Amino acid sequence: MARKAVLALSTVLLLATSALTACSTEAPDSGKAGKGGSDGKITLGFAQVGAESGWRTANTKSVQDAAKKAGITLKFSDAQQKQENQIKAIRTFIQQKVDVIAFSPVVESGWDTVLKEAKDAGIPVILTDRAVDSKDTSLYKTFLGSDFVKEGRSAGEWLAKEYADEEGPVNIVELQGTTGSAPANDRRAGFAEIVEKDDKFKVVASQTGDFTRAKGKEVMQAFLKSHKDIDVLYAHNDDMALGAIQAIEEAGKKPGEDIKIISIDGIKDAFVAMTEGKINVVVECNPLLGDQLMDLTKKVADGQSVPPRVETEEGVFTQDQAAEALPTRQY
Ligand code: GZL
């Protein structure tokens, strides 16, 4: 009897032990959501485009200040406007097992491979400022930023109003942003959609100034040499417009009068140029995305669902509004 009882007892014990072992051998949750660092804080890896413009430096400061305020540990990298540097940074963040990755893709294409690596590592990705052209929207949780096509349309609509009573031709030169970037592609498309409705508008030259003042000046110098009758400059950002203003003045022409200037971003220097009559209209593009980014970071780290797209509020400012608005500008 005793032997049977011992046998039965040991069988029960064996079953109980194996059941416990089964639970504890369950793979630890490989998902990263909401795990946080050893200090319990969320770690965000942020791969920034670079420091090419006033807009970009304001965007960087907004992200850094907001991370501090939100108690989020920020790992920040500056890609100097090179896609290979951003891809390297994202791979480093994956190795460091950050909780969330956010970045502003310098160009629209070529991201699927590295975003798949982040997805396979269970690290959610947030796109900020610029978008990617990947067909697989499962590769990122959300996009936070502006509607660049709308910005281009606003620029075109101002021009159409400004020249409503003129016969034309109205000769336009265009300083495009970084080749292949979402803002350059979309601002060009939005502007073209409007000006192509009236054939008095002629885009006689269009070339990238890479969003920088230096390149904007250089390309405007070339435009002025090859086109004697330029009426309008459409610049995809303020820094290129401000560089172009130097070229226009060095050529003995009056920016804002001889050559009207439409620009995008809304940095303080552009508002100053509007008060001086050198830029005619600025379409705002808000770089202050930091707080919204940290809110989204906390949500995706916690595995919460977020909207696929979060757009920023933006306005259009003409010369007569510049003086009053200047003191309120935050970037
Ligand atoms: C737009 C942003 C652009 C700005 C430029 O959201 O990506 O890049 O318009 C900046 O000033 O360099």
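The text that follows walks through the structure, step by step, so that each part is easy to find. The model shown is predicted, which means the values in this text are computed figures rather than measured ones.

**Remarks on the site of the ligand**
Logical step 1: Neighbouring the ligand are 13 residues; Glu52, Asp129, Arg130, Arg187 and Asp265 lie closest to it.
Logical step 2: One of the side-chain nitrogen or oxygen atoms of Ser53 is found 2.9 Å away from an oxygen atom of the ligand.
Logical step 3: Residue Arg56 places a side-chain N or O atom 3.1 Å away from an oxygen atom belonging to the ligand.
Logical step 4: The protein chains hide 100% of the 320 Å² of surface that the ligand would expose on its own.
Logical step 5: Applying the majority rule of atoms within 2 Å of the grid points places the ligand in the largest cavity.
Logical step 6: Within the residue set of the shell around the ligand, elements represented by two or more residues are helix H2 (54-70) and helix H6 (182-195).
Logical step 7: Taken domain by domain, the makeup of the shell around the ligand includes at least three residues from each of domain 1 (43-146 + 287-313) and domain 2 (148-285).

**Let's talk about the pattern of salt bridges**
Logical step 1: In this structure the tally under the stated criterion is 22 salt bridges.
Logical step 2: Here Asp65 ties to Lys61 by a salt bridge, and the two come within 2.5 Å at their closest N and O atoms. Here Lys61 and Asp65 lie together in helix H2, a separation of four residues that amounts to about one turn.
Logical step 3: Judged by relative accessible area, which is 36%, Asp65 ranks as partly exposed.
Logical step 4: Here Glu250 and Lys217 are joined by a salt bridge, their closest N and O atoms 2.8 Å apart. Note that Glu250 is positioned in helix H8 (residues 238-250) and Lys217 in helix H7 (residues 213-226), a separation of 33 residues in sequence.
Logical step 5: Here the salt bridges do not stand alone but share partners, grouping Glu52, Arg56, Asp129 and Arg130 into one network.

**Overview of the sheet that holds strand E1 (residues 43-48)**
Logical step 1: On the basis of which strands lie adjacent, the open sheet formed by six strands has the order E2-E1-E3-E4-E5-E11 and parallel pairing. Two strands in the sheet have a free side with no partner beyond their single neighbour: strand E2 (73-78) and strand E11 (309-311). Averaged over all neighbouring strand pairs, the angle between strand axes comes to 20°, with direction disregarded.
Logical step 2: Note that strand E4 (residues 125-128) and strand E5 (residues 142-145) share three bridges and pair parallel.

**Concerning unusual backbone geometry**
Logical step 1: Cis geometry marks the peptide bond from Gly168 to Pro169, where omega comes out at 0°.
Logical step 2: Relative to the helices and strands, Pro169 resides in the loop between helix H5 (148-162) and strand E6 (170-176).
Logical step 3: For Gln81, which is not glycine, the phi torsion reads 60° and is therefore positive.
Logical step 4: Residue position: Gln81 is located in the loop between E2 and helix H3 (83-95).
Logical step 5: Its identity is not glycine, yet Asp265 carries a phi of approximately 130°, on the positive side.
Logical step 6: Relative to the helices and strands, Asp265 resides in strand E9 (residues 260-265).

**Considering empty space enclosed by the protein**
Logical step 1: Tallying each qualifying case throughout the model produces one cavity of 30 Å³ or more.
Logical step 2: Lining the largest cavity we find 13 residues, and of these Trp55, Arg56, Arg130, Arg187 and Asp265 sit closest to its centre.
Logical step 3: Counting only elements with at least two residues in the lining of the largest cavity, the list comes to H2 and H6.

**A few points about the side chain of Asp239**
Logical step 1: Along the chain, Asp239 turns up in helix H8.
Logical step 2: For Asp239, the side chain forms a polar contact with the side chain of Arg213, separated by 3.0 Å.

**Here's the deal with the nonpolar core**
Side chains of nonpolar character tend, in soluble globular proteins, to be buried together.
Logical step 1: Of all hydrophobic cores here, the largest spans 32 residues; its most connected members are Leu175, Met220, Phe223, Leu233 and Ile279.
Logical step 2: Those elements giving two or more residues to this core turn out to be E6, H7, strand E8 (232-235), H8, helix H9 (268-275) and helix H11 (319-325).
Logical step 3: It is H8 that contributes the most residues to this core, seven residues altogether.
Logical step 4: When residues no more than four places from it in sequence are discounted, the contact partners of Met220 are Val173, Leu175, Ile230, Leu233, Ala244, Ala247, Ile248 and Ile259.
Logical step 5: Ranked by size, the runner-up nonpolar core spans 23 residues in total, among them Val107, Leu115, Leu127 and Leu139.

**A few points about the packing of aromatic side chains**
Logical step 1: For the coordinates displayed, the defined rule picks out five aromatic pairs.
Logical step 2: Taking the centre distance of 5.1 Å and the plane angle of 65° together, the rings of Phe271 and Phe317 count as edge-to-face. With Phe271 in helix H9 and Phe317 in strand E12 (residues 316-318), this pair connects stretches of sequence that are 46 residues apart.
Logical step 3: Judged by relative accessible area, Phe271 falls into the buried class, the value being 0%.
Logical step 4: The ring of Phe317 carries the charged tip of Arg329 above its face, separated from the ring centre by 5.1 Å.

Cut-offs applied
Residues numbered from 1 in each chain as written. Predicted model: local features only at pLDDT ≥ 70, side-chain atom pairs only at ≥ 80, totals over all residues. Heavy atoms only, no water. Near = heavy atom within 4 Å. Polar contact = N/O pair within 3.5 Å; in protein donor to acceptor, adjacent residues only side chain to side chain. Areas by Shrake-Rupley, 256 points an atom, 1.4 Å probe, with all protein chains shown as cover. 1 Å grid on protein atoms, 1.4 Å probe; cavity = no way out; pocket = protein on both sides within 12 Å on 5 of 7 lines; lining within 4 Å. Sits in = over half its atoms within 2 Å of the grid points. Helix = DSSP H or I, 4+ residues; strand = E, 2+ residues; numbered from the N terminus. Domains from an automatic or database assignment. Salt bridge = Lys/Arg side-chain N within 4 Å of Asp/Glu carboxyl O. Buried < 20%, exposed > 50% of the residue type's maximum accessible area, 1.4 Å probe, protein only. Pairing = 2+ DSSP bridges. Axes fitted to C-alpha atoms, helices over the stretch in contact; angles between N-to-C directions. Points joined across faces, edges and corners; volume = space filled by probe spheres on them. Core = buried A, V, L, I, M, F, W, Y, C linked by side-chain atoms within 4.5 Å. Contact = heavy atoms within 4.5 Å. Phe/Tyr/Trp six-rings, centres within 6.5 Å; stacked < 30°, edge-to-face > 60°. Lys NZ or Arg CZ within 6 Å of the ring centre and 35° of its normal.

Don't take any of this as a statement about function, it's just geometry.
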